[in-house]
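Residue-level structure breakdown
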2 protein chains.
Amino acid sequence: MEKRLEISLLLDFYGPLLTEKQRDIMDLYFNNDLSLSEIAENTNASRQAIHDLIKRCDNLLMEYEEKLHLMERAITIENSKNRIINRLKNLEETLSKEENKEIINDVIKDIAENI
Amino acid sequence: MEKRLEISLLLDFYGPLLTEKQRDIMDLYFNNDLSLSEIAENTNASRQAIHDLIKRCDNLLMEYEEKLHLMERAITIENSKNRIINRLKNLEETLSKEENKEIINDVIKDIAENI
């Protein structure tokens, strides 16, 4: 996975474990695509301080993933969900009773929305 | 949820974020049911030190849950899974073709094992 995308995803999972300041700066850099200099200017900090904070948070996020594997697990479950939904869609096409098709479609919706 | 069970479940989710020593002592107290005095004796620490460590870890685990909601989310998903599996089991009983019943049973197994 591309590093920038990976950090952006890890932020979704572990952002709440960072401080508000860390989260804001990581968000500006990885999601809003601001440069180090722009963030430094906006936050009255030096470019070096922002660089160090981002580096420290990168490491923190990767340590959290090594310990809890939330991103890895979410990717595996997403794959399982897609596989299951596809199998149910294929099954739905072979069913004859309209009533059964409706049940399958309800279940597919339930899986997609609630798991 | 009963406090002891809650902490034991939170340990499953957030144990990797504790230090090895913290995790070991929490495990002895909440999963192996040792008393404070027994743990103190086994680890060459005072009863008060063990008491304080457990209290501190209780708070840490609850802070992690407040931030990441992994236990809350796992309970919600478990309920969704059970609801979906039950609906598929009911549907399977109404199907006429053996082939379709097999597909539904495969999907139920897939959901139970991989989500």
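So, how was this worked out
Residues numbered from 1 in each chain as written. Chains lettered and ligands numbered in written order. Predicted model: local features only at pLDDT ≥ 70, side-chain atom pairs only at ≥ 80, totals over all residues. Heavy atoms only, no water. UniProt positions renumbered as here; feature names shortened; annotations may be inferred. Helix = DSSP H or I, 4+ residues; strand = E, 2+ residues; numbered from the N terminus. Buried < 20%, exposed > 50% of the residue type's maximum accessible area, 1.4 Å probe, protein only. Areas by Shrake-Rupley, 256 points an atom, 1.4 Å probe, with all protein chains shown as cover. Lys, Arg positive; Asp, Glu negative; His and termini not counted. Charge placed at Lys NZ, Arg CZ, Asp CG, Glu CD. Patch = residues over 30% accessible without salt bridge, like charges linked within 9 Å, V, L, I, M, F, W, Y side chains within 5 Å. Salt bridge = Lys/Arg side-chain N within 4 Å of Asp/Glu carboxyl O. Least-squares fit on C-alpha atoms with pLDDT ≥ 70 in both. Contact = heavy atoms within 4.5 Å. Buried area = accessible area lost by both parts, 1.4 Å probe. Polar contact = N/O pair within 3.5 Å; in protein donor to acceptor, adjacent residues only side chain to side chain. Core = buried A, V, L, I, M, F, W, Y, C linked by side-chain atoms within 4.5 Å. Phe/Tyr/Trp six-rings, centres within 6.5 Å; stacked < 30°, edge-to-face > 60°. Lys NZ or Arg CZ within 6 Å of the ring centre and 35° of its normal.

As recorded by an unreviewed UniProt entry, chain A carries the name UPF0122 protein J2Z44_000108 and is attributed to Clostridium punense. Note on chain A: under the UniProt heading Function (unreviewed entry), the record states "Might take part in the signal recognition particle (SRP) pathway. This is inferred from the conservation of its genetic proximity to ftsY/ffh. May be a regulatory protein."

All right, on to the overall build of chain A then. Helix and strand counts for chain A come out as six helices and zero strands. Reading chain A from its N terminus to its C terminus gives the helix and strand order α-α-α-α-α-α. Its C-alpha atoms give chain A principal-axis dimensions of about 70 × 30 × 25 Å. Across the 115 residues of chain A, 37% fall into the buried class. Of the roughly 6900 Å² of accessible surface on chain A, a fraction of 46% belongs to carbon and sulfur atoms. Measuring between centres, the 16 positive side-chain charges of chain A sit 4 Å from its 24 negative side-chain charges.

So, on to a nonpolar patch on the surface. A cluster of nonpolar side chains, A:Met1, A:Leu5 and A:Ile75, forms an exposed patch at the surface whose accessible area comes to about 290 Å². By the secondary structure assignment, A:Ile75 is in helix α5 (residues 70-94).

Let us now look at the relation of the copies chain A and chain B. Between chain A and chain B, which share one sequence, the superposing operator has a rotation angle of 180 degrees and an axial displacement of 0.0 Å; the RMSD is 0.0 Å. These values place the two chain copies in the arrangement generated by a two-fold rotation axis. Of all interface residues in chain A, 100% are interface residues in chain B too; the two copies therefore contact each other through one and the same surface.

Residues and elements named next belong to chain A. Mapped onto the elements of the fold, leucine 18 is located in the loop between α1 (3-14) and α2 (20-31). Between the C-alpha atoms of leucine 18 and leucine 61, which are 43 residues apart in sequence, the distance is 8.7 Å. Setting aside its immediate chain neighbours within four residues, leucine 18 contacts Leu11, Arg23, Met26, Cys57, Leu60 and Leu61.

Here we take up the interface of chain A and chain B. Taken together, the contact between chain A and chain B spans 27 residues of the former and 28 residues of the latter. Summed over both partners, the interface of chain A with chain B buries about 2500 Å², with 69% contributed by carbon and sulfur atoms. Viewed at the interface, chain B and chain A are joined by four salt bridges. Between B:Asp110 and A:Arg83 there is a salt bridge, and its shortest N-O distance comes to 2.6 Å. Across the chain A-chain B interface, the total number found is seven residue pairs in polar contact (both at pLDDT 80 or more). Where the side of chain A that touches chain B is concerned, the elements lending two or more residues are α4 (47-68), α5 and α6 (98-114) of chain A. By residue number, the principal contributor to the side of chain A that touches chain B is α5(A), which donates 10 residues.

By size, the foremost hydrophobic cluster in this structure holds 43 residues, and its most contacted members are A:Tyr14, A:Met26, A:Leu61, B:Tyr14, B:Met26 and B:Leu61. Those residues in contact with A:Tyr14 that lie beyond four places of it in its chain are A:Leu61, A:Tyr64, A:Glu65, A:Leu68, A:His69, A:Leu70 and A:Met71. Counting residues in each nonpolar core, the second largest holds 20 residues, with A:Leu91, A:Val107, A:Ile111 and B:Ile115 among its members.

Residues and elements named next belong to chain B. Along the chain, leucine 11 turns up in helix α1 (residues 3-14). Residue leucine 11 is classed as buried on the basis of its relative accessible area, which comes to 8%. Along the chain, leucine 11 and aspartate 58 lie 47 residues apart, while their C-alpha atoms are 9.2 Å from each other. Apart from residues lying up to four places away in sequence, leucine 11 is in contact with Pro16, Leu18, Met26, Asp27, Phe30, Asn31 and Leu61.

Residues and elements named next belong to chain A. Under the definition given, this model contains six aromatic pairs over all chains. An angle of 85 degrees between the planes, with centres 5.0 Å apart, marks the rings of tyrosine 29 and phenylalanine 30 as edge-to-face. What makes phenylalanine 30 buried here is its relative accessible area of 12%. When the ring centre of tyrosine 29 is taken as origin, the NZ or CZ atom of arginine 4, which lies over that ring, is 4.9 Å away.

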